[in-house]
Each structure stands twice: as structure tokens, then as C-alpha cells.
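Residue-level structural notes
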Amino acid sequence: MNTSTPESQGAGAPAALSDATQAALRPADQAPHSPGATHIRSFVHRRGHITQSQREALETLLDKWSIPYADRRLDLAAAFGREAPTILEIGFGMGETTQKIAQARPDDNFLGIEVFNAGVGSLLRRIEESGLQNLRIVQHDAVEVVRDMIAPDTLAGVHIYFPDPWPKKRHHKRRLIQPPFVSLLASRIKPGGYLHCATDWQDYAVQMLEVLGAEPLLRNTVADYAPRPEYRPQTKFETRGLRLGHGVWDLIFQRTA
Ligand SMILES: C[S@@+](CC[C@H](N)C(=O)[O-])C[C@H]1O[C@@H](n2cnc3c(N)ncnc32)[C@H](O)[C@@H]1O
């Protein structure tokens, strides 16, 4: 089977890529579907630029720091080599924030999910160069990862920072924060664990407040929007949003018993 893609044929790319690397370089919206995948994707394939360094990281570090998507529950203790509270991050982008938080919180495990090849390559490189031991990656649609790989009542927290805003009304159906997904996500968080979202789009912030506020398994930790907690550094997308004059809204909800 010829599994090469335009992205995997770049100048300087090695002739033979491992199966895992070929899978990682395949367009994200062609990622294998698990049975019963009927949801609308919150992302579309981007034939984005990937640097040589990111490509090499995908080729050499994917097996070391990433966990392939599988339609079965992930043993978190085995994946991290220790028992520790696990925080899931959805859509880590280039991973700068993820790396900083994982470094600042060495007693927690971080599982980052992203579909974008350049972002995965970038975070693989950061993990390798920083020597971080508490960060792993799954390159797959987060909706399927949460549904299939994460057991109920297991996560200590979930971070969703600056999810794609899909600003056009006809695209709102692609927004990640929708009642069915939030309900699924809440069921995966341990009682007492938290869900932390941030956005620089006001109408998405309003939608988040409505959707999270309506989920029976969650309760707001403040009256409406929370101040940015110290553990969340300013992200790349946030910096861009602030430059464009956007506000920033953080929402921190807790899983009820
Ligand atoms: C706007 S970026 C924000 C990146 C980063 N959190 C930040 O603040 O800089 C949103 C990211 O979410 C990723 N994404 C969107 N839907 C996703 C999904 N269903 N599963 C995994 N990643 C997803 C996109 O590829 C993109 O990199």
C-alpha cells in the first residue's frame, strides 16, 4: 500500500519511514475512525508547513513519547510509569504552554492531545530536549480519545486552551465545547477534579459558560469567569488574540461527586 502523502515527500525526507511515522504524517482527518464515529470533527486537515526539526522529531521520537490511539482503555499508570494525578490537555497547538505547565507541576502527569503534525513534532522535540518525564502525547481526535481511551472518573483535570473558535455561525457546529462532548468529558473527570477552558472569543466564552453551566456533573468554581490561574501561562494564540484587541475568558468548573 502506498501510504506516502504530499507532506511525507518533502525534500530531505528519509526514503523509508516507520509505520508509526507514516501514520503520524497522514492528514489528521484521515486518522483511523473507531467504530461508531459519527460526530462532526472540530478540526479540518491543514496542509500546514512542517519544519525539518518537527519532521525528524516525528520520525525519531514518536514511539518514545506518544501513545497510539486505540479503541480500548489506556492504563495511565503504565503509560507514565507511575501513579499520579493525570491532566488531559486537548489541542496543545505547538506545545509551549503544555511544556511550561508540565515543568511547573512535576507531581502531575500530562496527556496532551493534538492532531496537527507540526504541533506534535514540536512538542516531541520539547519533551526530549527538556528531559520531561511527566508528559505523553496522543495524536488523534480528542473526542475519540476521551470516549475510547479514558475510563470514567479518572482524570484529575482537563485543560482546553483557546480551542478553534469557528467564528462563522454555520461552522459553530464544529466547536469542541458542545453539550454531548462536555457531558462525556465530565464523566471522565474524577469527582473533585476540574475542567479549565480559556478563549479569546467572547461569544464562544458565553457558549462555554452556558454549556458547562448546564452540565449536571459540573459546578462553576466562581460566579462566571475565573481570573487566569497562576499555572496557566499566556499561550501563543492568546498573545495573538490580545494583540488583535480580544479579551480573554477563563472558565474553571469542578466535577461534582
Ligand atoms: C487555536 S489552537 C490553540 C492551541 C493552543 N492551545 C494555544 O492556546 O496556543 C487549537 C488546536 O486544537 C487542535 N484541535 C482541534 N480540534 C481537535 C481535536 N478534536 N482533537 C485534538 N486536537 C484538536 C487544533 O489542531 C489546534 O492546534
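Residues numbered from 1 in each chain as written. Predicted model: local features only at pLDDT ≥ 70, side-chain atom pairs only at ≥ 80, totals over all residues.

With respect to unusual backbone geometry
Here is the rule: Under the DSSP-based scheme used, a helix requires at least four consecutive residues in state H or I and a strand at least two consecutive residues in state E, with every element numbered from the N terminus. We call a residue exposed when 12 or fewer other C-beta atoms sit within 10 Å of its C-beta, buried when the count reaches 20 or more, and partly exposed for counts in between; the C-beta positions come from the backbone.
Even without a glycine there, the phi angle at D153 is positive, about 60°. Along the chain, D153 falls in the loop between α6 (142–149) and β4 (155–161). Non-glycine residue W166 carries a positive phi angle of around 40°. Mapped onto the secondary structure, W166 falls in the loop between β4 and α7 (179–188). A residue is classified by how many C-beta atoms lie within 10 Å of it, and W166, with 17 of them, is partly exposed.

Focus: the UniProt feature "binding site: substrate" (unreviewed entry) in the protein chain
Definition in use: UniProt positions are given in the numbering used here, feature names are shortened, and annotations may be inferred rather than shown by experiment. Placing C-beta atoms from the backbone, we regard two residues as in contact once those atoms come within 7 Å.
Here, the residues flagged by UniProt with the feature "binding site: substrate" (unreviewed entry) are K168, D200, T235, K236, F237 and E238. Topologically, K168 is positioned in the loop between β4 and α7. K168 sits in the exposed class, given 8 other C-beta atoms within 10 Å. The residue D200 is located in the loop between β5 (189–199) and α8 (202–214) in this model. Here D200 falls in the buried class, since 21 other C-beta atoms lie within 10 Å of it. Excluding its chain neighbours within four sequence positions, the residues that come into contact with D200 are F162, E238, G241, H246, G247 and V248.

Observations regarding the site of the ligand
Counted only if it meets this: Note on definitions: a residue is near a molecule or strand provided its C-beta atom, placed from the backbone, lies within 6 Å of it. Classes in brief: Ala, Val, Leu, Ile, Met, Phe, Trp, Tyr, Cys and Pro nonpolar; Asp, Glu, Lys and Arg charged; the others, Gly included, polar.
The environment of the ligand is made up of 23 residues, and the closest members are G91, G93, A142, F162 and T235. Elements with a contribution of two residues or more to the shell around the ligand: α6 and α9 (236–243). If one sorts the elements of the shell around the ligand by residue count, α9 sits on top with three residues. Grouping the constituent residues of the shell around the ligand by class yields 13 nonpolar, five polar and five charged.

So, the UniProt feature "binding site: S-adenosyl-L-methionine" (unreviewed entry) in the protein chain
With numbering matched to this structure, UniProt assigns "binding site: S-adenosyl-L-methionine" (unreviewed entry) to E89, E114, D141 and D164. A maximum C-alpha distance of 14.1 Å places the annotated residues, which cover 76 residues in sequence, within one compact spot. By secondary structure assignment, the location of D141 is in the loop between β3 (135–138) and α6.

Focus: the sheet that holds strand β2 (residues 109–113)
Filter applied, for reference: A pair of strands counts as paired when DSSP detects no fewer than two bridges linking them. With axes taken as lines fitted to C-alpha atoms, and helix axes fitted only over the stretch in contact, angles between N-to-C directions fall between 0 and 180 degrees.
The strand order β3-β2-β1-β4-β5-β7-β6 describes an open sheet built from seven strands, whose pairing is mixed. The open sheet is flanked by β3 and β6 (218–220), the only strands paired with a single partner. On average, each strand axis in the sheet is inclined to that of its neighbour by 20°, with strand direction left out of account. Where β5 meets strand β7 (residues 249–255), six bridges bridge the pair, whose relative direction is antiparallel.

So, the nonpolar core
Rules: Buried Ala, Val, Leu, Ile, Met, Phe, Trp, Tyr and Cys residues form a nonpolar core when they are connected through C-beta atoms within 7 Å.
Core analysis: the largest hydrophobic core is formed by 54 residues, its most contacted members being L124, V158, L195, M208 and L212. Per-element accounting of this core gives the leading share, five residues, to α8. Once you skip the residues sitting within four places of it in the chain, V158 turns out to touch L88, I90, L185, I189, L195 and H196.

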